[in-house]
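So the chains spell out like this:
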Amino acid sequence: MIATAEQQKKGMYENVMEQFHKTADTMHLNPNIRKILGITNNEIIVHFPVKMDSGKVEVFTGYRVQHNNALGPYKGGLRYHPTVDVDAAKALAMWMTWKTSLAGLPYGGAKGGIQIDPRNYSMGELERITRRFTYALGENIGPEHDIPAPDVNTNEQTMAWIADTYMSTKNPSERSQNQHVVTGKPVGSGGLEGRDRATGYGVYLTIKLWHESKGETLKGKTFIVQGFGNVGHWVSRFMEQDGAKLIAVQDAHATLFNLEGIDVNDLFEHSKPRKGSIKGFEGAKEMEPEDFFAIPCDVVIPAALGNQITAANAHKINAPLIAEGANGPTDNEGEAILLEKGITIIPDILCNSGGVIGSYFEWLQNRNGELWQLDEVMLKLQKKLTEVFLKVEKMVDEKDVDWRTAAYMLAIARIETAYIQRGIFP
Ligand code: NAD
């Protein structure tokens, strides 16, 4: 079922806290570190006015939550969506801390955005909203302090506006040193070749590695994808290239299925002029949204929003593997049902970490004044992700825990070590 805005954000913070405490118990986390990691460092709320096309002024509210920076500058996306609020940003920021730590990056975790439905605004209005939001955040973001990236309903254009606005507030001599204030920029404006596909590629790679460890390939496997945006579309492309078949796809507008297979490129071309909507695609039939997750297949890929797989629909899932392209798509009750059924979940902090790894490469590229080639980027991404995947897999086997708990244990242990080595100031 396509969850309502309320359902999507409901309980996300409770979810992430419960996951954290469960892992802290399992790994006997130092109690002082548990206290520190159980809170968010900063919660920034800004209100700012923007002139609309009609000449009227609207006031918007923007958020940036910085969870923890023990391992390096805060890092995380900005989303434009009606579900954005402090609690949602707190949950997503905490997930980012675990994700960057698990990937072995020198970053902490943050998240934020604006509570709007961007479909209600013109391009010019979105540009002014973005630029004014950046200005309102001021020095709460910065290339060595907090580095935003794209997320739901934001893209490389949004990042280009943020970078330009932030750089414009600097002295001319310092401007170019601030380009890495955001990642996910267009290639022509300091972006990284391949950053656009990095998250989807990572989701695909973890699915491929999981099958390989069972002696299987993706040839002939069937998969369904919720969300056909940046992540959903790219993962579908890579899966298809490797011989897997997309048999159903759902977005905010429609739910489509075709057991013979949906051509990913044709669907993408159909959605492009329709602001990304898959509705009306002739190569598949429309079906009831409620039945989407019940379609029997080899891999379910939720790549839209949080809290999509819950106690209400987890029992219907008929697939051995769920690969979490989205952040927090499975709530804890849903997860318990899936684990009971013997379904493996590759957790978001591993599954979709290709995005933040790609962002790290972009940041390094800007910082060092370098330009990396696409093949070089994809190779580095593959190497890094495989290394992380194998570490988590080893932990699953050694500790006999589920994949999420294993990934959390590795991520939290790295931060615990940093705190213990450094001590607490003063
Ligand atoms: P996007 O805005 O490009 O696409 C979002 C997709 O979800 C669209 O197809 C939209 O129609 C669909 N959608 C929205 N509401 C829906 C609903 N109620 N039911 C079904 N579909 C719905 O966003 P994206 O960048 O692809 O991000 C998708 C998810 O992946 C988010 O959870 C995001 O946090 C996560 N993620 C993204 C990146 C990245 O690099 N873009 C990295 C890591 C994680």
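Residues numbered from 1 in each chain as written. Predicted model: local features only at pLDDT ≥ 70, side-chain atom pairs only at ≥ 80, totals over all residues. Heavy atoms only, no water.

Undergrad: Teacher, can you tell me more about the pattern of salt bridges here?
TA: For side chains bearing opposite charge, pairing can occur when the charged atoms are close. Applying the stated criterion to the full structure yields 21 salt bridges. The partner of E127 in a salt bridge is R131, and the shortest N-O contact between them spans 2.8 Å. With E127 and R131 both in helix α5 (residues 123-137) and four residues apart, this pair spans about one turn of that helix. Owing to a relative accessible area of 27%, E127 belongs among the partly exposed residues under this scheme. (Salt bridge = Lys/Arg side-chain N within 4 Å of Asp/Glu carboxyl O. Helix = DSSP H or I, 4+ residues; strand = E, 2+ residues; numbered from the N terminus. Buried < 20%, exposed > 50% of the residue type's maximum accessible area, 1.4 Å probe, protein only.)

Undergrad: Could you clarify how one ought to interpret empty space enclosed by the protein in this entry?
TA: Unoccupied space between atoms shows up once a probe the size of one water molecule is rolled over them. Under the definition given, this model contains two cavities of 30 Å³ or more. Considering only enclosed or pocket space, the second largest cavity measures out at about 30 Å³ in volume. Among the secondary structure elements, those contributing two or more residues to the lining of the second largest cavity are α4 (86-102) and β4 (109-114). Ranked by residues supplied to the lining of the second largest cavity, first place goes to α4 with three residues. Taken together, the residues of the lining of the second largest cavity sort by class into four nonpolar, one polar and three charged. (1 Å grid on protein atoms, 1.4 Å probe; cavity = no way out; pocket = protein on both sides within 12 Å on 5 of 7 lines; lining within 4 Å. Points joined across faces, edges and corners; volume = space filled by probe spheres on them. Nonpolar A, V, L, I, M, F, W, Y, C, P; charged D, E, K, R; others polar.)

Undergrad: Could you clarify how one ought to interpret the domain arrangement of the chain in this entry?
TA: Interface extent is often summarised as the accessible area lost during association of the parts. What the domain assignment reports for the chain is domain 1 (40-191) and domain 2 (197-351). Centre-to-centre separation of domain 1 and domain 2, based on C-alpha positions: 27 Å. Every contact between the two is made by eleven residues of domain 1 and, on the other side, nine residues of domain 2. Carbon and sulfur atoms supply 62% of the area buried between domain 1 and domain 2, which totals about 830 Å² over both sides. Its largest share of buried area at the contact with domain 2, domain 1 owes to W95, K99 and R119, together 51% of the area lost on that side. Put simply, domain 1 and domain 2 have zero salt bridges between them. At the surface where domain 1 touches domain 2, the tally comes to one residue pair in polar contact (both at pLDDT 80 or more). Tallying contributions element by element places α4 first for the side of domain 1 that touches domain 2, with five residues. (Domains from an automatic or database assignment. Contact = heavy atoms within 4.5 Å. Buried area = accessible area lost by both parts, 1.4 Å probe. Polar contact = N/O pair within 3.5 Å; in protein donor to acceptor, adjacent residues only side chain to side chain.)

Undergrad: Where do I start with the sheet that holds strand β12 (residues 344-346) in this structure?
TA: Across a sheet, strands are paired by hydrogen bonds formed along the backbone, either parallel or antiparallel in direction. Strand order in the open sheet formed by seven strands is β9-β8-β7-β6-β10-β11-β12, and the pairing between neighbours is mixed. If you trace the sheet from one side to the other, it starts and ends with β9 (285-286) and β12, each paired once. Across four bridges, strand β6 (residues 222-226) lies against strand β10 (residues 299-302) in parallel orientation. Its bridge partner lying in β10, I224 is registered against V300. Sitting on the sheet, helix α7 (residues 195-212) touches β10, β11 (321-323) and β12, and the angle it makes with β11 is about 155°. Helix-sheet contacts for helix α8 (residues 230-241) involve β6, β7 (245-250) and β10, and the interaxial angle to β6 is about 170°. (Pairing = 2+ DSSP bridges. Axes fitted to C-alpha atoms, helices over the stretch in contact; angles between N-to-C directions.)

Undergrad: Got a minute to help me understand the nonpolar core in this structure?
TA: Most often, soluble globular proteins have nonpolar side chains that are buried together. Membership of the largest hydrophobic core comes to 89 residues, with the highest contact counts inside it found for W95, W98, I207, M239 and I301. For this core, the element with the most residues is helix α14 (residues 403-422), which contributes ten residues. Taken together, domain 1 (40-191) and domain 2 (197-351) each give at least three residues to this core, which thus spans both. Apart from the residues lying within four places of it in its own chain, the contact partners of I207 are L218, M239, V299, I301, L321, A323 and I346. Counting 24 residues, the second-largest nonpolar core is a separate cluster that includes V46, F60, Y121 and I141. (Core = buried A, V, L, I, M, F, W, Y, C linked by side-chain atoms within 4.5 Å.)

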